[in-house]
Amino acid sequence: MSNQVNGISKRLIVESPNVKLVDGVLESKFNYRKNHFEHRADGLHVTPKEHEYSFKTVLKPRKTGLLLVGLGGNNGSTAVGSIYANQYGMTWRTKEGSNQFRHPNCHCAPWLRLGAQNQIFVPFKDIVPILSPNDLVISGWDISNSNLYDAMARAKVFEPELQEKLRPFMEPIVPLPSVYYPDFIASNQGDRANNVIPGSNKLEHLEHIRADIRKFKQDHELECVIVLWTANTERYTDVRTGLNTTADEILKSIGSNEYEVSPSNIFAVASILEGAHYINGSPQNTLVPGIIELADRHNVFVGGDDFKSGQTKFKSAFVDFLVSSGLKPECIVSYNHLGNNDGKNLSEARQFRSKEISKSSVVDDMVKSNQILFPDAKNPDHCVVIKYVPFVADSKRAMDEYICSIFMGGKQTFVVHNTCEDSLLASPLIYDLAILTELASRVTYKDGDDYKPFHSVLSILSLLLKAPVVPPGTPISNAFMRQFSTLTKLVTALAGFPSDTDMQIEFFTQLPQSK
Ligand SMILES: NC(=O)c1ccc[n+]([C@@H]2O[C@H](COP(=O)([O-])OP(=O)(O)OC[C@H]3O[C@@H](n4cnc5c(N)ncnc54)[C@H](O)[C@@H]3O)[C@@H](O)[C@H]2O)c1
Ligand SMILES: O=P([O-])([O-])O[C@@H]1[C@@H](O)[C@H](O)[C@@H](O)[C@H](O)[C@@H]1O
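Residues numbered from 1 in each chain as written. Chains lettered and ligands numbered in written order. Predicted model: local features only at pLDDT ≥ 70, side-chain atom pairs only at ≥ 80, totals over all residues. Heavy atoms only, no water.

### Structural notes on the overall build of the chain
Broken down by element type, the chain carries 13 helices and 22 strands. By the compact-globule yardstick of 24 Å for 515 residues, the chain fits well, its C-alpha radius of gyration being 24 Å. Overall, the C-alpha framework of the chain stretches about 70 × 65 × 60 Å when taken along its three principal axes. If you take every contact in the chain between residues at least 6 apart in sequence, the share linking residues at least 24 apart comes to 73%. Looking at the chain as shown, the accessible area adds up to about 24000 Å², and 54% of this sits on carbon and sulfur atoms. Charge centroids of the chain, computed over 53 positive and 57 negative side chains, lie 3 Å from each other. (Helix = DSSP H or I, 4+ residues; strand = E, 2+ residues; numbered from the N terminus. Rg over C-alpha atoms; globule rule 2.2 N^0.38 Å. Contact = heavy atoms within 4.5 Å. Areas by Shrake-Rupley, 256 points an atom, 1.4 Å probe, with all protein chains shown as cover. Lys, Arg positive; Asp, Glu negative; His and termini not counted. Charge placed at Lys NZ, Arg CZ, Asp CG, Glu CD.)

Take a look at the structure:
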């Protein structure tokens with residue numbers, strides 16, 4: 001591990017009796033402070049509690065494969081192309097001049113202030129070793145047989161010169177045939193579906209996808225495989241007893257060709273049965289209770305839902321700022337239009353509804369966090385609109401209006417406009433999700449005498465997702481900086497030192513001499 005202090009590269013050496021390195025495994029002890037609260041007749045009682053965790057982190061990242069469902073989409077082709085652009089140091093002209101691949105925010109937090117007194121900043125990757133996106137082996141499936149050069153041109157995300165430089169790398173890549181059940185995505189996607197696994201037997205489709213995953217793992221001698229859904233948004237599936245509320249039910253439903261089993265359910269079950277982790281980058285409710293139970297049974301991670309990329313990411317930080325500042329959001333209208341195939345798919349009601357749910361739930365925790373502003377925990381008026389306008393292609397235009405009640409009955413209105421290539425926001429998140437999932441696969445914690453992995457529902461991915469799926473009983477946090485803090489505190493705990501409290505008390509007190 002190394003860090004930059006004034007440009008001088010230095011190793012990060014943790015001086016602590018709570019840390020030891022044994023055969024490439026970092027063993028660390030972490031004192032977890034967690035207050036216990038109890039409402040009683042005379043008031044709210046708080047009892048400070050402390051719990052000692054022991055972690056083991058295998059330091060060497062695993063040889064990892066990333067299988068994208070929707071490989072030929074705007075996000076999929078952009079994610080693959082950007083890896084080659086980085087690996088080969090490509091530059092390309094734009095009307096503003098020459099451009100260079102900018103490493104995406106694929107380390108989540110490029111810099112993490114550690115030592116308040118020295119303002120030392122260390123990137124995540126130097127706190128615990130994490131996978132580089134360049135080392136990912138990437139493949140995947142698509143219902144469209146377009147090779148990735150044609151898919152990249154169709155996406156209209158990269159500049160033409162870059163597309164041509166990428167052609168030798170992208171043209172040979174043709175997505176594997178996929179599972180296609182028309183009722184789950186918009187009917188306007190039918191003309192794309194020319195790369196489909198034949199037949200209608202869902203158990204055969206499951207076994208086909210399982211065989212694809214096994215072959216990919218064997219061919220590339222992989223230690224870790226992550227399957228990530230970046231295919232079209234599906235409609236919600238029913239969740240009901242007998243269909244998918246237990247692991248045995250979902251397996252039985254596939255065996256009996258149940259109509260309500262979706263393509264994304266098939267991919268999730270196939271991944272889990274092949275020991276591959278499964279991440280849902282779209283808003284549909286793929287991770288039904290039965291799939292979560294199956295993941296737990298097979299000790300693989302699942303995560304979702306829906307990349308938190310632009311309008312919602314901003315909202316998760318902005319509303320946190322508003323509520324923390326005592327400004328009460330009364331009305332939030334989030335409108336956007338875009339012209340890519342995602343927008344086309346979302347132009348049908350059932351697919352839009354999946355997205356509306358994920359985009360609307362993002363303020364819930366922040367509203368509940370302030371009972372002075374929201375005594376009845378009633379959410380602000382919150383309206384989400386998405387329109388498909390082909391001309392703008394991937395360049396999404398998002399316009400938001402926030403109206404807040406402020407001091408003495410005043411009103412404060414914020415209007416936000418942002419334009420971006422949607423795929424340039426989402427593609428780095430594909431790496432982030434894969435990198436954090438691979439890191440989590442190397443971590444165990446002590447529970448009694450044994451070390452065990454984190455819960456199968458990987459809630460540490462919440463920072464990157466609009467509608468985080470969390471272990472049962474876990475409060476859902478969407479506030480951006482709180483999610484960020486959760487992740488930074490975990491990473492430093494794994495490395496054996498608690499992250500800074502940010503109190504900076506030492507600057508307005510005489511710091512007691514450390515023992
Ligand atoms: N900023 C963003 O782009 C962003 C943010 C959050 C979520 N998302 C979600 O990510 C997903 C992909 O977005 P996109 O812009 O790349 O869309 P896209 O339409 O360009 O790509 C989706 C791809 O999935 C393919 N596909 C559809 N059904 C499939 C199946 N059953 N198996 C395999 N492939 C299938 C399509 O042919 C298409 O190539 C969408 O669900 C979108 O809502 C995108
Ligand atoms: O992440 P975000 O920018 O809030 O939301 C986005 C929507 O605004 C967009 O319309 C949709 O096509 C993308 O899939 C993404 O979900």
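### Re the packing of helix α2 (residues 148-155) against helix α3 (residues 160-170)
Remark: α2 packs on α3, axes separated minimally by 8 Å, with the N-to-C direction vectors making an angle of 150°. When the axes of α2 and α3 are compared, the pair comes out roughly antiparallel. Touching L148, Y149, M152 and A153 of α2 are Q163, E164, L166, R167 and M170, all from α3. Grouping the constituent residues of the contact of α2 with α3 by class yields six nonpolar, one polar and two charged. (Axes fitted to C-alpha atoms, helices over the stretch in contact; angles between N-to-C directions. Parallel < 35°, antiparallel > 145°, perpendicular 65-115°, else oblique. Nonpolar A, V, L, I, M, F, W, Y, C, P; charged D, E, K, R; others polar.)

### What about the site of ligand 1?
Close to ligand 1 lie 30 residues, the nearest being D142, S178, V179, R192 and S282. Residue N75 places a main-chain N or O atom 2.8 Å away from an oxygen atom belonging to ligand 1. Note that a nitrogen atom of ligand 1 is positioned 3.1 Å from one of the side-chain N or O atoms of S309. Secondary structure elements with two or more residues in the shell around ligand 1: α1 (74-87), α9 (341-346) and α12 (422-440). (Near = heavy atom within 4 Å. Polar contact = N/O pair within 3.5 Å; in protein donor to acceptor, adjacent residues only side chain to side chain.)

### Notes on the nonpolar core
Most often, soluble globular proteins have nonpolar side chains that are buried together. Among the nonpolar cores identified, the biggest contains 64 residues, and F55, L66, I127, L228, L433 and F454 are the most heavily contacted of them. Counting residues per element, this core draws most heavily on α12, at 10 residues. Counting residues in hydrophobic clusters, the runner-up holds 38 residues, among them V69, W141, Y181 and V302. (Core = buried A, V, L, I, M, F, W, Y, C linked by side-chain atoms within 4.5 Å. Buried < 20%, exposed > 50% of the residue type's maximum accessible area, 1.4 Å probe, protein only.)

### Observations regarding the pattern of salt bridges
Summed over the entire model, instances satisfying the criterion amount to 25 salt bridges. A salt bridge links E274 to R210; the nearest nitrogen and oxygen atoms lie 2.6 Å apart. Taken together, the residues span a long stretch of sequence, with E274 in the loop between α6 (263-273) and β15 (277-280) and R210 in helix α4 (residues 202-219) at a distance of 64 residues. A salt bridge links D219 to K215; its shortest N-O distance comes to 2.5 Å. Here K215 and D219 lie together in helix α4, a separation of four residues that amounts to about one turn. Residues joined by salt bridges that share partners form a network here, namely D183, R235, E260 and R350. (Salt bridge = Lys/Arg side-chain N within 4 Å of Asp/Glu carboxyl O.)

### Quick look at the site of ligand 2
Within the structure, ligand 2 sits among 15 residues, and T312, N336, D342, K396 and K466 are positioned closest to it. In the environment of ligand 2, an oxygen atom lies 2.7 Å from a nitrogen or oxygen atom belonging to the side chain of S309. K359 has a polar side-chain atom sitting 2.9 Å from an oxygen atom of ligand 2. Here ligand 2 has 370 Å² of accessible area as a free molecule, and 95% of this is covered by the chains. At the level of secondary structure, the elements contributing two or more residues to the shell around ligand 2 comprise α8 (311-324), β17 (328-338), α9 and α10 (349-360). The class makeup of the residues in the shell around ligand 2 is four nonpolar, five polar and six charged.

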